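Below are the chains, spelled out letter by letter.
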Amino acid sequence: MTQGMDGPHPDERMRPEGRRNSQGIRIDPEAEATHLPRKAVLSTLVKHEPGVLAEVSGLFSRRQFNIESLTVGATDDDEVARMTIVIEEPEPGVDQAKKQLAKLVPVISVEELEPEAVQRELILVKVSGEKPDDVNAVADMYDGSVVDASPEAITVEITGSQQKIEAAVAAFDQFDVQEVVRTGAAAVERGADVLEDERRKTTKVSDTPETAETATDD
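Residues numbered from 1 in each chain as written. Predicted model: local features only at pLDDT ≥ 70, side-chain atom pairs only at ≥ 80, totals over all residues. Heavy atoms only, no water.

Novice: Could you clarify how one ought to interpret the overall build of the protein chain in this entry?
Specialist: A count of helical and extended segments in the protein chain gives 6 helices and 9 strands. By residue count, 29% of the 218 residues in the protein chain fall in the buried class. Taking as baseline every contact in the protein chain between residues at least 6 positions apart, the subset at least 24 positions apart corresponds to 74%. Surface summary for the protein chain: the accessible area is close to 15,000 Å², and the carbon and sulfur share equals 49%. (Helix = DSSP H or I, 4+ residues; strand = E, 2+ residues; numbered from the N terminus. Buried < 20%, exposed > 50% of the residue type's maximum accessible area, 1.4 Å probe, protein only. Contact = heavy atoms within 4.5 Å. Areas by Shrake-Rupley, 256 points an atom, 1.4 Å probe, with all protein chains shown as cover.)

Below, the structure is given as structure tokens:
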């Protein structure tokens, strides 16, 4: 009679701690952990060509990332545009967003900016024109300027941080706000740090002449 292998009875064997799913597979506690959402500012250099904005926004839509704002504009290079994307996601989502962005063909560089980075937003607020002096006084409080005025409506332009913009909008509520237009955040790192164009870095390396070797007679 064939004897079985020596060892403990199945009921006596040690089992890894932790929960298991319906198939009996152990659930990784780290993967199951709840991560609180946080705001992240992603600065991205992309090729300045048709369809790039649609491709980037389509990626975020498919992955269901929560976008707070997305701005895009030209840079000092006619072939390169810069996007500033503000998202609010749990930590795994922020990391996934950066990785997925970097995989897109038109994307040149992706970097998450530090929390202390310089962030500015522009807003146009159109309010009732019944109290022009009071509207001007509030605009001055937030370093704003009147860019259009008529007896019926006054439009004020303000630039600043998100906190300043939101405070200004609340202050203008007293004048019957008729319309609000916000650009979304534009941001850069403080100090000398810049978002590098990876193509330029590659070009610089390839253009560097190699050190000539000294010829010797064998």
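Novice: For this particular structure, what's the right way to read unusual backbone geometry?
Specialist: When glycine is set aside, most residues are seen to have a negative phi, and most peptide bonds are trans. Unlike most non-glycine residues, Gln-64 shows phi in positive territory, near 60°. With respect to the helices and strands, Gln-64 occurs in the loop between α2 (52–63) and β2 (67–74). The class of Gln-64 is exposed, set by a relative accessible area of 68%.

Novice: Would you explain the layout of surface pockets in this entry?
Specialist: Rolled over the atoms, a probe with the dimensions of a water molecule shows which regions are left empty. Volume-wise, the largest pocket comes out at about 420 Å³. As for the largest pocket, its lining consists of 24 residues, and the residues nearest its centre are Lys-39, Val-41, Val-86, Gln-119 and Gln-162. Residues belonging to the lining of the largest pocket are distributed by class as follows: 8 nonpolar, 7 polar and 9 charged. (1 Å grid on protein atoms, 1.4 Å probe; cavity = no way out; pocket = protein on both sides within 12 Å on 5 of 7 lines; lining within 4 Å. Points joined across faces, edges and corners; volume = space filled by probe spheres on them. Nonpolar A, V, L, I, M, F, W, Y, C, P; charged D, E, K, R; others polar.)

Novice: What should I look at first to understand the sheet that holds β2 in this one?
Specialist: Backbone-to-backbone hydrogen bonds pair the strands of a sheet. The strands run either parallel or antiparallel. Spatially, 4 strands are ordered β2-β3-β1-β4 in an open sheet, and the strand pairing comes out antiparallel. If you trace the sheet from one side to the other, it starts and ends with β2 and β4 (107–112), each paired once. The sheet shows a mean angle of 15° between the axes of neighbouring strands, taken without regard to direction. Looking at chain direction, β2 and strand β3 (residues 80–89) are connected through 7 bridges and run antiparallel. Within the sheet, the bridge partner assigned to Gly-73 lies in β3 and is Arg-82. The sheet strands contacting α2 are β1 (38–47), β2 and β3, and the helix crosses β3 at an angle near 15°. (Pairing = 2+ DSSP bridges. Axes fitted to C-alpha atoms, helices over the stretch in contact; angles between N-to-C directions.)

Novice: Looking at this structure, how should I read the environment of Gly-73?
Specialist: Tracing the chain through its elements places Gly-73 in strand β2. For Gly-73, a relative accessible area of 29% puts it in the partly exposed group. Each C-alpha atom of the pair Gly-73 and His-48 lies 9.1 Å from the other, and the pair is 25 residues apart in sequence. Beyond its immediate chain neighbours, meaning those up to four positions away, Gly-73 contacts Ala-81 and Arg-82.

Novice: Looking at this structure, how should I read the pairing of strand β7 (residues 153–160)?
Specialist: One face of the sheet, then the other: side chains in a regular strand alternate in exactly this way. The element β7 is extensively covered by neighbouring structure, given that 6 of its 8 residues are classed as buried. Here 8 bridges tie strand β5 (residues 118–128) to β7, and the two strands are oriented antiparallel to one another. Pairing of Lys-126 across the sheet is with Thr-155, part of β7. Judged from the 4 bridges that link them, strand β6 (residues 145–149) and β7 form a sheet pairing that is antiparallel. Looking at β7, one finds that Asp-148 is bridged to Thr-155. Adjacent in sequence and paired antiparallel, β6 and β7 are bridged by 3 residues.

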